[in-house]
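Here's the letter readout for the chains.
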Amino acid sequence: MNSHLRIGYDIDGTLFHAGTDKPNFDIIMELQAWLKKGARVYVWSGSGVDYARMVVRRFGWNEEVFVIPKWGLMMDIAYDDQKEALAQTGKGAKVVVIV
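What counts and what doesn't
- Residues numbered from 1 in each chain as written.
- Predicted model: local features only at pLDDT ≥ 70, side-chain atom pairs only at ≥ 80, totals over all residues.
- Heavy atoms only, no water.
- Phe/Tyr/Trp six-rings, centres within 6.5 Å; stacked < 30°, edge-to-face > 60°.
- Helix = DSSP H or I, 4+ residues; strand = E, 2+ residues; numbered from the N terminus.
- Buried < 20%, exposed > 50% of the residue type's maximum accessible area, 1.4 Å probe, protein only.
- Contact = heavy atoms within 4.5 Å.
- Pairing = 2+ DSSP bridges.
- Right-handed = clockwise from strand over helix to strand, strands pointing away.
- Arc of directions from axis to C-beta.
- Core = buried A, V, L, I, M, F, W, Y, C linked by side-chain atoms within 4.5 Å.

1. Section: the packing of aromatic side chains
Here comes step 1: A complete count under the given rule lists four aromatic pairs for this structure.
Here comes step 2: On the numbers, 6.0 Å between centres and 35° between planes, the contact of Phe16 with Phe59 is tilted. Placement of Phe16 in the loop between strand 1 (6-10) and helix 1 (25-36) and of Phe59 in helix 2 (residues 49-59) is noted, with a sequence separation of 43 residues between them.
Here comes step 3: Judged by relative accessible area, which is 1%, Phe16 ranks as buried.
Here comes step 4: Arranged with centres 4.7 Å apart and planes meeting at 15°, the rings of Phe59 and Trp61 form a pair that is stacked.

Encoded structure:
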């Protein structure tokens, strides 16, 4: 359905509450909803791709969620706790800043 959409999520401060390893289940539920709609979902972390891969494995998204370097691909919608996420999106894209 939405397989052409590229949806991106930062990990720390977005998928996890800032400064903790506590999952942000509201955001995780949104990610899972995008997967069900057929979107291509990507995650990144300022802590690196190895850390991002570990998080993907932790949630069991090994085959569904793609790990990319931070700022590695233009997104249609980006979820991030930093306003700099604007650099992650293309023209007309939506940025959801998590506070």
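2. Re the side chain of Asp10
Here comes step 1: By the element assignment, Asp10 lies in strand 1.
Here comes step 2: The contacts of Asp10, once residues within four sequence positions are left out, are Leu15, Trp44, Ser45, Gly46, Lys70, Tyr79, Asp80 and Asp81.

3. Thoughts on the pairing of strand 1
Here comes step 1: Among the five residues of strand 1, four are classified as buried, and the element is accordingly described as predominantly covered.
Here comes step 2: Relative to strand 2 (residues 40-44), strand 1 runs parallel, the two being bridged by five bridges. In the strand pairing of strand 2, Gly8 is matched with Tyr42.
Here comes step 3: Chirality of the crossover, the property in question, places the unit of strand 1, helix 1 and strand 2 among those that are right-handed.
Here comes step 4: Strand direction decides the pairing type here: strand 1 and strand 4 (residues 75-80), joined by three bridges, are parallel.

4. Looking at helix 2
Here comes step 1: Residues of helix 2 that are buried include every one of Ala52, Val55 and Val56, and no others. Down the axis of helix 2, the buried side of the element spans an arc of 100°, and every buried residue falls inside it. Along helix 2, exposed side chains directed more than 90 degrees from the buried face belong to Asp50 and Arg57.
Here comes step 2: Buried residues along helix 2 sit in contact with strand 2 and strand 3 (65-67).
Here comes step 3: Just past helix 2, the residue Gly60 takes up positive phi, approximately 75°.

5. A short note on the nonpolar core
Here comes step 1: Counting residues in each nonpolar core, the largest one holds 22 residues, and the members touching the most others are Ile7, Tyr9, Leu15, Leu31, Trp34 and Val43.
Here comes step 2: Among the elements of the structure, strand 1, helix 1, strand 2, helix 2 and strand 4 are those that each provide at least two residues to this core.
Here comes step 3: With five residues, helix 1 is the single largest residue contributor to this core.
Here comes step 4: What Leu15 contacts, discounting residues up to four positions off in sequence, is Tyr9, Asp10, Lys22, Pro23, Asn24, Ile27, Ile28, Leu31, Val43 and Trp61.
Here comes step 5: Residues Tyr42, Ile68, Met75 and Ala78 belong to the second largest nonpolar core, which totals five residues.

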